[in-house]
Amino acid sequence: MDPVYILIRTSRRPEYFRRMMETIKNQTYKKIVTIIHSDDPRDKYIEGDIIIRGTAYGKEYGSGPYNLYQNRLLAAIPDGPGWYHFIDDDDEYAAPDVIEKFVDNSFSDHINVCRVVRWNGKVVPEKWGVQRSYQTECFMVHADHKKKAKWWANLGGDRPARAMSAGWA
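Every chain's residues receive numbers from 1 upward, in the order its sequence appears when written. Where totals are concerned, whole chains, interfaces and linings use all residues; where local detail is concerned, this predicted model gives features only for residues with pLDDT of at least 70, and gives and counts side-chain atom pairs only at 80 or more. With hydrogens and water stripped out, all remaining heavy atoms of the structure feed into the side-chain values.

Some points on the overall build of the chain
Move 1: The number of helices and strands found in the chain is three helices and eight strands.
Move 2: Helical segments are the DSSP runs of H or I of at least four residues, strand segments are the runs of E of at least two, and each set is numbered from the N terminus. Along its sequence from the N terminus, the chain presents helices and strands in the succession β-α-β-β-α-β-α-β-β-β-β.
Move 3: Classification of residues uses two cut-offs on accessible area relative to the type maximum, computed with a 1.4 Å probe and protein chains only: under 20% is buried, over 50% is exposed, and between them is partly exposed. A burial count over the chain gives 47% of its 169 residues as buried.
Move 4: In what follows, residue pairs with any heavy atoms lying within 4.5 Å of each other are defined as contacts. At a minimum sequence separation of 6, the contacts of the chain that also span at least 24 residues come to 66%.
Move 5: In these tables, accessible area is a Shrake-Rupley quantity obtained with a 1.4 Å probe, and a residue counts as shielded only by the protein chains included in the view. Accessible area for the chain stands at about 9,300 Å²; split by element, carbon and sulfur atoms hold 51% of it.

Quick word on the packing of aromatic side chains
In this description, an aromatic ring pair is defined by two values, namely the gap between the centres and the angle between the planes.
Move 1: Put simply, two rings from Phe, Tyr or Trp (the six-membered ring, in Trp's case) pair if the centres are within 6.5 Å, and we call them stacked under 30 degrees between planes, edge-to-face over 60, tilted for the rest. Counted by the stated rule, this structure contains two aromatic pairs.
Move 2: Look at Y84 and F86: their rings are 6.1 Å apart centre to centre, the planes differ by 85 degrees, and that puts the pair in the edge-to-face class.
Move 3: Given a relative accessible area of 1%, Y84 falls into the buried group.
Move 4: For F86, a relative accessible area of 2% puts it in the buried group.

As for the nonpolar core
Move 1: Each nonpolar core is a collection of buried residues, namely Ala, Val, Leu, Ile, Met, Phe, Trp, Tyr and Cys, held together in the definition by side-chain atoms within 4.5 Å. Core analysis: the biggest nonpolar cluster contains 20 residues, and V4, I6, I8, F17, I24 and I99 have the highest contact counts within it.
Move 2: Broken down by secondary-structure element, the contributors of at least two residues to this core are β1 (4-10), α1 (14-25), β2 (32-38) and α3 (98-104).
Move 3: Take this core: its biggest share by element is four residues, from α1.
Move 4: The contact partners of I8, leaving out residues within four places of it in the chain, are F17, M20, M21, I24, T34, I35, I36, H37, L73, I87 and D89.
Move 5: Counting 15 residues, the second largest nonpolar core, distinct from the first, contains I35, L73, L74 and A149.

Some points on the pattern of salt bridges
Move 1: We count a salt bridge whenever a side-chain nitrogen from Lys or Arg sits within 4 Å of a carboxyl oxygen from Asp or Glu. Taken as a whole, this structure holds seven salt bridges when the rule is applied.
Move 2: Between D40 and R12 there is a salt bridge whose closest N-O contact spans 2.8 Å. With a gap of 28 residues between them, D40 in the loop between β2 and β3 (50-53) and R12 in the loop between β1 and α1 connect regions that are remote in the sequence.
Move 3: The class for D40 is buried, based on a relative accessible area of 7%.
Move 4: Given a relative accessible area of 53%, R12 falls into the exposed group.
Move 5: Residues joined in a network through salt bridges with shared partners are R12, D40 and R42.

Some remarks on the pairing of strand β4 (residues 83-86)
Move 1: A two-sided burial pattern is seen for β4, the buried positions comprising W83 and H85 on one face and Y84 and F86 on the other.
Move 2: In this analysis, strands are considered paired if DSSP registers two or more bridges between them. Summarising the sheet, β1 and β4 pair through four bridges and their orientation is parallel. By the bridge assignment for β4, I6 is matched with H85.
Move 3: Looking at chain direction, β4 and strand β8 (residues 139-142) are connected through two bridges and run antiparallel. Looking at β8, one finds that W83 is bridged to H142.

Shown next, in the form of structure tokens:
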């Protein structure tokens, strides 16, 4: 069983973080490694396997800091086999077998995409087909590809670089 690295960015949201971590602890897939990034030294609530304590990105990146945190999380994945998956600290897994099903239905040479239900009940992606963008938490990617992924500094939120999917999705 290969590990699944769950990449999480948090900052001053302990209640959300605790609820999200509880849904990770309840997963039936047991070889989960959490990698958490916080840029706020006041974040004493953080628990996880690998913890990155960084500094906040300055205003020079506009709305891009979220993406740059994703790059730091990717860099923390150890070399070797496994999968990686992003989840925001305010999201939760809807069922205890989500990660198990995601791994069982994923292919190592693909960016594997699933649908997610957002906090407001919206399903993303809304329909299957060619999408202009996906939410970051929709991806399950084999760790062999971690160096091919890069989030652009000048875009905010869940927008990975288009180059991420070129040639291996």
